[in-house]
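Overview (structure and organization)
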Amino acid sequence: MDGRIKKLEEVLMPILQEKEMVIDSISYEKEGKYYFLRIVLDRVSGIDLDSIVMATNLINPILDDLDLFEDSYILDVLSKEREQ
């Protein structure tokens with residue numbers, strides 16, 4: 001699992017940095033009967049909902065291209081502030 005997360009982080013980091021965002025954490029875990037891929041983002045000025053939507057739109061096609069996870073999952077992109 002760690003290798004897939006590391007690969008995903010390596011690919012996403014430069015793309016998100018262009019938008020002045022950084023990856024705080026990435027996790028892939030099962031909750032109940034669903035798998036969740038959680039990507040927590042941070043930015044000095046904070047992240048609003050529009051930024052989360054933009055990041056999700058950037059991340060989705062990359063995930064489709066990489067095809068790192070065999071199981072179906074729910075992508076959850078969130079800001080560090082919301083997680084706390």
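A brief look at the structure comes next. Note that the structure is predicted; figures quoted are calculated from it, not measured.

**Quick word on the sheet that holds strand E3 (residues 74–79)**
Read from one edge of the open sheet, three strands run E1-E2-E3, paired in mixed fashion. Each end of this open sheet is capped by a strand with a single partner; those strands are strand E1 (22–31) and E3. Recorded for the sheet is a direction-independent mean angle of 20 degrees between the axes of neighbouring strands. Here helix H1 (residues 2–17) sits on the sheet and contacts E1 and strand E2 (34–42); the angle it forms with E1, its principal contact strand, is near 145 degrees. Its contacts with the sheet put helix H2 (residues 49–66) on E2 and E3, and the angle it makes with E3 is roughly 145 degrees.

**What to know about H2**
Its 18 residues give H2 an end-to-end C-alpha distance of 25 Å, which sits within 8% of 26 Å, the value for a rise of 1.5 Å per residue. Inspection of H2 places Ser51, Ile52, Ala55, Ile59, Ile62 and Leu63 among the buried residues, and these make up the whole buried set. On its buried side, H2 packs onto H1, E2 and E3. Of the residues flanking the end of H2, it is Asp67, one or two places downstream, whose phi is positive at about 50 degrees.

**Here we look at the pairing of E2**
Alignment of E1 against E2, held across nine bridges, turns out to be antiparallel. Each bridged residue has a counterpart across the sheet, and for Glu31 the counterpart in E2 is Tyr34. Once E1 ends, the chain turns through two residues before running back antiparallel as E2, passing Gly32 with a positive phi of about 65 degrees. As paired strands, E2 and E3 are joined by six bridges and run parallel to one another. Residue pairing for E3: Ile39 is matched across the bridge by Val77.

About the criteria used
Residues numbered from 1 in each chain as written. Predicted model: local features only at pLDDT ≥ 70, side-chain atom pairs only at ≥ 80, totals over all residues. Heavy atoms only, no water. Pairing = 2+ DSSP bridges. Helix = DSSP H or I, 4+ residues; strand = E, 2+ residues; numbered from the N terminus. Axes fitted to C-alpha atoms, helices over the stretch in contact; angles between N-to-C directions. Contact = heavy atoms within 4.5 Å. Expected span 1.5 Å × (residues − 1). Buried < 20%, exposed > 50% of the residue type's maximum accessible area, 1.4 Å probe, protein only.

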